[in-house]
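Structural features, examined
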Protein chains: 2
Amino acid sequence: MEAPYKRIIDNVSRFIDLTELEKQKYISLLTEIKVKRKAYLMQAGDITKYEYFITKGCLKVYTLDENGAPHISMFAVEDYWTGDMASFITKQPSRYFIKATEDSELLGISRANYDLLFQEIPKFERFYRILYQRSLISYIKRTNHGISLTAEERFIEFKKKYPKIVNRITQKDLAAYIGITPEFMSKIISRVNQM
Amino acid sequence: MEAPYKRIIDNVSRFIDLTELEKQKYISLLTEIKVKRKAYLMQAGDITKYEYFITKGCLKVYTLDENGAPHISMFAVEDYWTGDMASFITKQPSRYFIKATEDSELLGISRANYDLLFQEIPKFERFYRILYQRSLISYIKRTNHGISLTAEERFIEFKKKYPKIVNRITQKDLAAYIGITPEFMSKIISRVNQM
DNA sequence: GAAAAAAAATGAACTAGTTTAAGACTTTTA
DNA sequence: TAAAAGTCTTAAACTAGTTCATTTTTTTTC
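Structural notes, computed from the coordinates. (Residues numbered from 1 in each chain as written. Chains lettered and ligands numbered in written order. Predicted model: local features only at pLDDT ≥ 70, side-chain atom pairs only at ≥ 80, totals over all residues. Heavy atoms only, no water.)

1. Quick look at the sheet that holds strand β5 (residues 70-77) of chain B
Residue and element names in this part refer to chain B. Note the cut-off: By the convention used here, strands pair only if DSSP detects at least 2 bridges between them. By definition, any uninterrupted DSSP run of H or I lasting at least four residues is a helix, any uninterrupted run of E lasting at least two residues is a strand, and each is numbered from the N terminus. Convention adopted: a line fitted to C-alpha atoms gives each axis, helices being fitted over their contacting stretch, and angles between N-to-C directions are expressed from 0 to 180 degrees.
The antiparallel open sheet is built from 4 strands, whose spatial order is β2-β7-β4-β5. Because the sheet does not close on itself, it has two edges, and the strands there are β2 (40-42) and β5. Direction aside, the axes of adjacent strands within the sheet are offset by 25° on average. Bridging between strand β4 (residues 58-64) and β5 involves 7 bridges; their strand directions are antiparallel.

The following block contains the structure:
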């Protein structure tokens, strides 16, 4: 099996066991996607066509607020699932942009194939039940944890939790993730570095 | 069927169809719980025993930060699901308190029965897949929406979205939900009222 | 229904983070 | 490899929200 498919099968196999036949079936429902650095996987206004699994690279998922300021909700790297679930499920236009910060490779599942998947291999209800449950847990933990911290503390936590990602992204993007201006991010970094 | 059971069956029936037998089986796995105003359903340090469905009343779900300040993550009223999923799933001590703000009635499912449910009626994988998916969507929407708003704007949004809940809770609890001090909440309310 | 407890209001002094602006440094592109 | 574009730094003036302290109002409890 090709490396990217092995990667996604390993990911799914964390929660459910698949027969060889089921693996083949699942793989047949996926689409290979490549996206160059600085290219958009999707833009606000689009109706999301796919849910994505990253096999290589790094992308940022963000919205623009009324003032045009970006808010990054996640950096998606190898083995992450991403997309805009709200738009994917409701078929309404998204408010998100997904932009590659490095040349990236992904596997996508279309909405039609996602629905088909549950019919063909009902076990996937369980896979997604557990995946969403875990996403919910870590999402709640993340937002709740950040709530009473200062920007400096949130930055220190991010560095501790994602040491590899810090070095792959710009300070500006980091600011948009932490939720502060690039200027203040710069101030924090020089403050933290001289400790 | 008794009213509270009808309520939960209606809720489940939004996403899956159950036979009479399955309904009976499901109901047999639930526990009826009553909790008086100001009593705790659970406290930080507890390992969560149940996931809850509210059939009557109102509860607040909150944590205390390092400074002892409360942060309310939700007000749970009739037809809401609540609990601490992280603790329920991982069997680790919770960092949440759930306290009734009115005399309340709930249906709980224990961890053992939750696991059993998936064996006995696999359709529930689908129910929870969809429930968690929707929770994730609305959770992401909520946090992302609030991100660039001032406290005053968040308060106005809350009033618009939950007009009934506003009148059931104290200003202090509202402040702990919006994410500001009670003093500033008071200031905002008098400002908004004289507009 | 009086006393105690909790919630709400008000105001002054304070702080974390923003805004604006300008210069220095890096990366991208032709 | 030079020019253009984008990123980072620094600093001064500003603002949304906090803290602390006191008084008034409402709710709870016996």
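Still to come is the rest of the account.
2. A few points about the relation of the copies chain A and chain B
Basically, it comes down to this: Alignment of copies: least-squares fit on C-alpha atoms of residues with pLDDT of at least 70 in both copies. Any two residues whose heavy atoms approach within 4.5 Å are treated as being in contact.
Expressed as a screw transformation, the operator carrying chain A onto chain B has a rotation angle of 180° and an axial translation of 0.0 Å, and the superposed copies differ by an RMSD of 0.0 Å. Taken together, the rotation angle and the small translation identify this as a two-fold axis. Within chain A, the C-alpha atom positioned nearest to the axis of rotation is that of Arg129 of chain A, 2.0 Å from it. Both copies contact each other with a shared surface, as 100% of the interface residues of chain A are interface residues in chain B too.

3. Notes on the protein's contact with DNA strand C
The line we're drawing: Neighbouring residues are identified by heavy atoms, a residue being near a molecule or strand if any of them is within 4 Å of it. Counted as a polar contact is a pair of N or O atoms within 3.5 Å, where, for protein atoms, one must be capable of donating a hydrogen and the other of accepting one, and residues adjacent in sequence contribute only when both atoms are in side chains. For this classification, Asp, Glu, Lys and Arg are treated as charged, while Ala, Val, Leu, Ile, Met, Phe, Trp, Tyr, Cys and Pro are nonpolar and the rest, including Gly, are polar.
Not every one of the 14 residues close to DNA strand C is listed here, only the nearest: Arg37 and Glu183 of chain A together with Gln171, Lys172 and Ser186 of chain B. Expressed as a percentage, the sugar and phosphate content of the atoms of DNA strand C within 4 Å of the protein is 76%. One nitrogen or oxygen atom from the main chain of Ala151 of chain A is found 3.0 Å from a phosphate oxygen belonging to DNA strand C. A distance of 2.9 Å separates a phosphate oxygen of DNA strand C from a polar backbone atom of Lys172 of chain B. Those elements that provide at least two residues to the surface near DNA strand C are α6 (151-161) and α9 (182-193) of chain A together with α8 (171-178) and α9 (182-193) of chain B. Among the residues making up the surface near DNA strand C, the classes are represented as 3 nonpolar, 6 polar and 5 charged.

4. Some points on the interface of chain A and chain B
Test applied: Here the buried area means the combined drop in accessible surface, using a 1.4 Å probe, for two parts upon being joined, counting both sides. Salt bridge, as used here, is a side-chain nitrogen of Lys or Arg placed within 4 Å of a carboxyl oxygen of Asp or Glu.
On the chain B side, the residues contacting the 29 residues of chain A number 29 residues. Both faces combined, the contact of chain A with chain B buries some 2,700 Å², and carbon together with sulfur accounts for 61% of it. Applying the counting criterion to the chain A and chain B interface returns 4 salt bridges. A salt bridge links Glu125 of chain A to Arg126 of chain B; the shortest N-O distance between them is 2.6 Å. Where chain A meets chain B, there are 18 residue pairs in polar contact (both at pLDDT 80 or more). Those elements that provide at least two residues to the side of chain A that touches chain B are β5 (70-77), α3 (85-90), α4 (111-120) and α5 (123-146) of chain A. Broken down by element, the side of chain A that touches chain B gets its largest block of residues, 14 residues, from α5 of chain A. A class-by-class count of the residues in the side of chain A that touches chain B yields 14 nonpolar, 8 polar and 7 charged.

5. Examining empty space enclosed by the protein
Stated precisely, the cut-off is as follows: A cavity here means a set of 1 Å grid points, computed over protein atoms only, where a 1.4 Å probe fits but cannot escape. A pocket is an open set with protein on both sides within 12 Å along at least 5 of 7 lines, and lining residues have an atom within 4 Å of a point. Grid points are joined across faces, edges and corners, and a volume is the space filled by probe spheres set on the points.
In this structure the tally under the stated criterion is 2 cavities of 30 Å³ or more. By volume, the largest cavity amounts to about 50 Å³. Among the elements of the structure, β1 (30-35) and β8 (104-110) of chain B are those that each provide at least two residues to the lining of the largest cavity. Looking at side-chain class alone, the lining of the largest cavity contains 4 nonpolar, 1 polar and 3 charged residues. In this structure, the second largest cavity spans a volume of roughly 50 Å³. Forming the boundary of the second largest cavity are Pro4, Glu32, Ile33, Lys34, Thr55, Glu105, Leu106 and Leu107 of chain A.

6. A short note on the packing of helix α1 (residues 3-12) of chain A against helix α2 (residues 20-28) of chain A
Residues and elements named next belong to chain A. Which entries qualify depends on this criterion: In this scheme, a crossing is called left-handed if the near helix is turned counterclockwise away from the far one by less than a right angle; it is called right-handed if the turn is clockwise.
Here α1 crosses α2 at 115°, and the two axes come no closer than 11 Å. At the point where α1 passes α2, the crossing takes the right-handed sense. Contact residues: Tyr5, Ile8, Ile9 and Val12 in α1; Lys23, Tyr26 and Ile27 in α2. Taken together, the residues of the contact of α1 with α2 break down into 6 nonpolar, no polar and 1 charged.

7. As for the pattern of salt bridges
Just so we agree on the cut-off: Partly exposed residues are those whose accessible area sits between 20% and 50% of the maximum for their type, while under 20% is buried and over 50% is exposed, using a 1.4 Å probe and protein chains only.
Under the defined criterion, the tally for this structure stands at 27 salt bridges over all chains. Here Glu22 of chain A and Lys123 of chain A are joined by a salt bridge, their closest N and O atoms 2.8 Å apart. With Glu22 of chain A in helix α2 and Lys123 of chain A in helix α5, this pair connects stretches of sequence that are 101 residues apart. Lys25 of chain B is the partner of Glu120 of chain B in a salt bridge, and the nearest nitrogen-oxygen pair spans 3.7 Å. You can see Glu120 of chain B sitting in helix α4 (residues 111-120) and its partner Lys25 of chain B sitting in helix α2 (residues 20-28), a full 95 residues away along the chain. Residue Glu120 of chain B is classed as partly exposed on the basis of its relative accessible area, which comes to 43%.

8. Here's the deal with the pairing of strand β3 (residues 50-56) of chain B
Residues and elements named next belong to chain B. Within β3, 5 of the 7 residues are buried, which leaves the element mostly enclosed by the surrounding structure. For β3 and β8, the ladder comprises 6 bridges, and the chain directions are antiparallel. The partner of Tyr52 across the bridge, within β8, is Gly108.

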